[in-house]
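Structural overview for review
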Amino acid sequence: MPQHVPSPLRTAAPPGAQLPPAPRRIVFLAHRDLGNPAAGGSELLVDRLADGLTRLGHQVTLLCGGPAAFRDYRVVSAGGPAGHYLRARSAFARQVGADCDLLVEVCNGMPYLAPLWHRGPTLCLVNHVHTELWRMRLRGPLAPAAHLGRRLEHWALSGAQRGNLLVAVSPSTANALHAIGVDPARIRLVPNGVAEPGPRADRSPEPLFLAMGRLVEYKRIDLLLRLWERVRPVTGGRLVIVGDGPEEPRLRHLAGPGVEFTGHVSEAVKHRLLCEAWLLLHPSAVEGWGLVITEAAARGTPAVGFDVPGVRDSVEDGVTGLLAGGPSSFAAAWCTLALSTHRRELMGKAAEERAAGYRWARTVRQFRAVAAEAVRGRQP
């Protein structure tokens, strides 16, 4: 697994290390709450961090856009999905005020520019830099807006956050931050965790291939459907697509024989499908980490993906799955593992062993160490 991490990038302190006191009152400023219908991996990460820090005795508030659900920590809506960016400062002043030891700005494309209006310690949490995604999401007449969005994001991370620490969820994200001008000395690596999978369901006796995630353009499920027409005559079986999103109607129209759409599913159904699947297929163009890949790995299910940022961090090529350089090699890797039970089982075992090193408790401890460092760095 290539990790061209810029030196002197540092990971958080290991478990058992002597740490300075972490900030007691922590506020996360993020785009969505986990209960939002459009929530994904970023929202799950923030929820796991907020919940874990709360259990460690911290007072945690999530200030977000859109609906706010009840949690064991405080969740406050700052306004609508877009409007809350403009209202973040006033909502913070009204709902939090001086009752904050550390503000964590979760940067997912559009920034809040918190360091420009918050005078206390600030930490920036970055899942991935949206460099290419701006062009994918905003095309045609909206292309100028994509250019402006990309420049604003880059300036916010390399300029507005100057002097603050930034948390990257993967070496790929760290490399992307370095590429836009962030000093590697300010980047801390805190990988995503995964929950204990619990009792296993049996593997499907017939070929079952699974794709799981938000149905948005950059996940490239449309490409997966085209490749399925080449793979199905070789492997047989079913392709099950889990998730919902704006692309769903178009994808259903494109789908051929052997394809099933489940929509959003419960955690119990998700667990069962991850256990039953022969392979997880992840054709995304970019990820921060690829959380569902680790979730599948924890169930002994290997993955096939493209050699792109984030995916190359969560898949150890040739060991826990296969990484493809293009559509034809993706289809070939898919067929190869589908037809080789022995190789698939070896990769599944290796994936499970690797996933055992990624648990949410460890992620929370590492993040807590960075939070303490961020506050200590701002003290006179």
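Residues numbered from 1 in each chain as written. Predicted model: local features only at pLDDT ≥ 70, side-chain atom pairs only at ≥ 80, totals over all residues. Heavy atoms only, no water.

With that settled, consider the overall build of the protein chain. The number of helices and strands found in the protein chain is 13 helices and 14 strands. Within the span of the protein chain, comprising 380 residues, buried residues form 57% of the whole. Considering only contacts within the protein chain whose residues lie at least 6 apart along the sequence, 67% involve residues at least 24 apart. By element, 54% of the accessible surface of the protein chain is carried by carbon and sulfur atoms, the whole surface being about 16,300 Å². (Helix = DSSP H or I, 4+ residues; strand = E, 2+ residues; numbered from the N terminus. Buried < 20%, exposed > 50% of the residue type's maximum accessible area, 1.4 Å probe, protein only. Contact = heavy atoms within 4.5 Å. Areas by Shrake-Rupley, 256 points an atom, 1.4 Å probe, with all protein chains shown as cover.)

Our next topic: the nonpolar core. When a protein is soluble and globular, its nonpolar side chains tend to lie buried together. Within the largest apolar cluster, 48 residues are counted, with the highest numbers of intra-cluster contacts made by F209, L210, L239, I241, L281, F330 and W334. In this structure, F209 is in contact with W228, T235, G236, R238, L239, V240, W278, L279, L281, W334 and A338, ignoring residues within four places of it in sequence. With 33 residues, the next largest nonpolar core counts L44, A50, C64 and V106 among its residues. (Core = buried A, V, L, I, M, F, W, Y, C linked by side-chain atoms within 4.5 Å.)

Another aspect to go through is the confidence of the model for the protein chain. Averaged over all residues, the pLDDT of the protein chain is 89; the fraction at 70 or higher stands at 89%. Predicted confidence is poor over residues 1-8, with pLDDT under 50, and the contacts of this stretch with residues over four places away or in other chains come to 19 contacts. (pLDDT = per-residue confidence, 0-100.)

Here we take up the packing of aromatic side chains. A full pass over the atoms with the stated rule returns 10 aromatic pairs. Here Y85 and Y112 contribute two aromatic rings whose centre-to-centre distance is 4.8 Å and whose plane-to-plane angle is 25°, an arrangement assigned as stacked. Separated by 27 residues along the polypeptide, Y85 in helix α2 (residues 83-95) and Y112 in the loop between β5 (102-107) and β6 (122-126) bring together distant segments of the chain. Taken individually, Y85 and Y112 each receive the classification buried, so the pair is uniform in this respect. Taken together, F209, W228, W278, F306, F330 and W334 form an aromatic cluster joined through their ring pairs. Of note, R220 hangs over the ring of F306, and the distance from its end group to the ring centre comes to 4.7 Å. (Phe/Tyr/Trp six-rings, centres within 6.5 Å; stacked < 30°, edge-to-face > 60°. Lys NZ or Arg CZ within 6 Å of the ring centre and 35° of its normal.)

Before going further, it helps to examine helix α6 (residues 221-235). The periodicity of an α-helix, 3.6 residues per turn, causes residues three or four positions apart to be oriented the same way. Of all bends in α6, the biggest is about 40°, found at E229, and the proline P233 comes one to four residues later. Taken residue by residue, α6 has I221, D222, L223, L224, L225, L227, W228, V231 and T235 as its buried positions. (Bend = angle between axes of the 7 residues up to and from the residue.)

A surface patch of nonpolar side chains, amounting to about 370 Å² of accessible area, comprises M110, L116, L152 and W155. One can find W155 in helix α4 (residues 143-160). (Patch = residues over 30% accessible without salt bridge, like charges linked within 9 Å, V, L, I, M, F, W, Y side chains within 5 Å. Salt bridge = Lys/Arg side-chain N within 4 Å of Asp/Glu carboxyl O.)

Burial analysis of strand β3 (residues 59-64) places 5 of its 6 residues in the buried class, which makes it a mostly covered element. When strand β2 (residues 25-30) meets β3, the two strands line up parallel, connected through 6 bridges. Residue pairing for β3: F28 is matched across the bridge by L62. Between the parallel elements β2 and β3, the chain passes through helix α1 (residues 41-55) in a crossover that is right-handed. As paired elements, β3 and strand β4 (residues 74-77) share 4 bridges and run parallel to each other. Bridging across to β4, L62 finds its partner in V75. (Pairing = 2+ DSSP bridges. Right-handed = clockwise from strand over helix to strand, strands pointing away.)

Turning to the packing of helix α9 (residues 291-298) against helix α12 (residues 341-355), a few remarks are in order. In the contact formed by α9 and α12, the axes pass within 7 Å of each other and the chain directions differ by 110°. The orientation of α9 with respect to α12, classified from their angle, is roughly perpendicular. You can see that α9 and α12 cross each other, and the crossing is left-handed. Facing T294, A297 and A298 of α9, the residues of α12 in contact are G348, A351, E352 and A355. Looking at the contact of α9 with α12 residue by residue, the class counts come to 4 nonpolar, 2 polar and 1 charged. (Axes fitted to C-alpha atoms, helices over the stretch in contact; angles between N-to-C directions. Parallel < 35°, antiparallel > 145°, perpendicular 65-115°, else oblique. Left-handed = near helix turned anticlockwise from the far one by under 90°. Nonpolar A, V, L, I, M, F, W, Y, C, P; charged D, E, K, R; others polar.)

The next subject is empty space enclosed by the protein. The tally for this structure, following the rule as stated, stands at 2 cavities of 30 Å³ or more. Counted as a void, the largest cavity has a volume near 80 Å³. Around the largest cavity, the lining comprises 13 residues; the ones closest to its centre are I293, T294, A297, S314 and R354. The set of elements that each furnish at least two residues to the lining of the largest cavity consists of α9 and α12. Along the lines of polarity and charge, the residues of the lining of the largest cavity split into 8 nonpolar, 4 polar and 1 charged. The space that makes up the second largest cavity amounts to roughly 60 Å³. Contributing to the lining of the second largest cavity are A211, M212, G213, R214, L215, K219, I221, L281, H282, P283 and S284. Going through the elements one at a time, β9 (208-212) and β12 (279-282) are the ones with two or more residues in the lining of the second largest cavity. (1 Å grid on protein atoms, 1.4 Å probe; cavity = no way out; pocket = protein on both sides within 12 Å on 5 of 7 lines; lining within 4 Å. Points joined across faces, edges and corners; volume = space filled by probe spheres on them.)

Across the sheet, 6 strands lie side by side as β11-β10-β9-β12-β13-β14; this open sheet has parallel pairing. Sheet topology places β11 (259-263) and β14 (321-324) at the edges, where each strand pairs with a single neighbour. Mean inter-strand twist for the sheet, computed between neighbouring axes without regard to direction, equals 25°. Contacting β9 and β10 (238-242), helix α8 (residues 267-276) runs over the sheet at an angle of about 135° to β9. Sheet strands in contact with α9 are β9, β12 and β13 (303-306), and its direction is about 175° off that of β12.

Bringing α1 into the picture now. A rise of 1.5 Å per residue sets the reference length of α1, with its 15 residues, at 21 Å; its end C-alpha atoms lie 21 Å apart and thus fit the reference within 8%. Buried residues dominate α1, accounting for 11 of its 15 residues. Looking only at α1, the buried set comprises S42, E43, L44, L45, V46, D47, L49, A50, D51, G52 and L53. Remark: G57 follows α1 within two positions and exhibits a positive phi of approximately 100°. (Expected span 1.5 Å × (residues − 1).)

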